[in-house]
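# Survey of secondary and tertiary structure
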Amino acid sequence: MNFKHYFSLLALIFLLNSCSDDEDCCAIPPGEDKEAFEEGIFVLNEGNFGSGNSSVSFIDEETGEVQSQIFNSVNGTSLGDTAQSIYLSEELAFVILNVSNTIEIVNRNTFETVGQISENLQNPRFATISGNSLYVSNWGDATNPDDDYVAVFNLSDYSFESSIAVAEGPEKILANHGSIYTAHKGGYNFNNIISVINTSTKEVSTEIEVGDVPTSIILDGSNLIVLSAGKPSYADVETAGSISVVDMNVNTVLNSAEFPTSSIHPGNLVQSDDRFYFTVGKAVYEYQSGGDLPSGPKFRLEDVESLYGFNARNGMLYAASANASFTGNGQIFVYDASNGSLLNSYEAGINPNGVYFN
């Protein structure tokens, strides 16, 4: 655990001397309200692998203002290498850095550092909270299919509690009534399960077989909606994507629907109100829980260069678009979910991969 606090003057000096020419650095003016990020959107920018240029941007949708590199500007230090995901708790934001093998913990309204986890992580991916524990999925050595695990940390002091061995490729992870559900894409290989961890015993209680390469999991009452991409064309055997509905009361698949051809590989399942949306390439599809698979797309994300992240809120869809070269700044496009009309766009950092609502 490593605690870091910096004076605002140091933060401002660092920002003015560290911003690259291709990044729109927007410093937080001295004396600005410390709750500056209380209401708006965080954009996680992955940066370039091995370059240590990950960042977080903040969008104020009311004013249209975008502040870039807010972790750097508030704390006077760089974020790290290859930002993977953010988990938002009631008061904190946990920013997971995959290559840095680090989790930066900040106040979600001020983005001031309150702690850091830098041990017992190897290729960390996603996180969730149950009780007083933080659960983090890890690939371990990505070339070794047998060393994947979920790391458990105490939220009181961020100390390491335990390591739970799981099957290869744990990714998206969420908590529900004393259980942790983890989707296993397969790391460098392919997998097709959801593992269920008992938070009392800190052990895997069961594994649920779903479609190949589950990429997204969403809670829907007592059900878990699982979107699986299917094996890609370069696999030994290409397989179609699918959507499965899991009854979490008994941890079994209630129903599963597979796409008609093996060349359809959906991704990015999100929810807004009672509607679910997913993408196939740049095409957006609408889905209702337990219903039939849609016969065709609702609309296409024509403005997006490379779809790198996707989320939904209040009838709007937020698409994170990486620059075509994956080296310059990306963009966030906001669409009306009912008809696909473009409502707004904002500049992001390098390779924006996630949109999070504060």
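My aim in this report is to walk through the structure given alongside it, one point at a time. Given the structure is predicted, the values throughout are model-derived calculations rather than measurements.

## Let's talk about the pattern of salt bridges
All chains considered together, the criterion is met by six salt bridges. The salt bridge involving Arg313 is made with Glu61; its shortest N-O contact spans 2.9 Å. Taken together, the positions of Arg313 in strand β24 (residues 306–313) and Glu61 in the loop between β2 (55–60) and β3 (65–67) put the pair 252 residues apart, joining distant regions of the chain. Among the residues examined, Glu61 registers a relative accessible area of 28% and is labelled partly exposed. Arg125 is the salt-bridge partner of Glu171, the closest N and O atoms lying 2.5 Å from each other. Here the residue Glu171 occupies a position in strand β12 (residues 170–176), and Arg125 occupies one in strand β8 (residues 124–130), the gap between them amounting to 46 residues. No difference in accessibility class separates Glu171 from Arg125, as the two residues are buried. Connected through shared salt-bridge partners, Asp274, Arg275, Glu286 and Lys298 make up one network.

## So, the pairing of strand β18 (residues 242–247)
Burial of β18 is extensive: six of the six residues sit out of reach of the surface. Residues Ser242, Ser244 and Val246 of β18 are buried on one face, and the alternating residues Ile243, Val245 and Asp247, pointing to the opposite face, are buried as well. With six bridges connecting them, strand β17 (residues 223–228) and β18 associate as antiparallel partners. Note on β18: the bridge partner recorded for Leu227 is Ile243. Bridging between β18 and strand β19 (residues 252–258) involves six bridges; their strand directions are antiparallel. Within β19, the position partnered with Ser244 by the bridge is Ser256. The antiparallel pairing of β18 with β19 creates a hairpin that spans four residues between the two strands, and Asn251 there sits at a positive phi of about 55 degrees.

Criteria and cut-off values
- Residues numbered from 1 in each chain as written.
- Predicted model: local features only at pLDDT ≥ 70, side-chain atom pairs only at ≥ 80, totals over all residues.
- Heavy atoms only, no water.
- Salt bridge = Lys/Arg side-chain N within 4 Å of Asp/Glu carboxyl O.
- Helix = DSSP H or I, 4+ residues; strand = E, 2+ residues; numbered from the N terminus.
- Buried < 20%, exposed > 50% of the residue type's maximum accessible area, 1.4 Å probe, protein only.
- Pairing = 2+ DSSP bridges.

These figures capture arrangement, not role.
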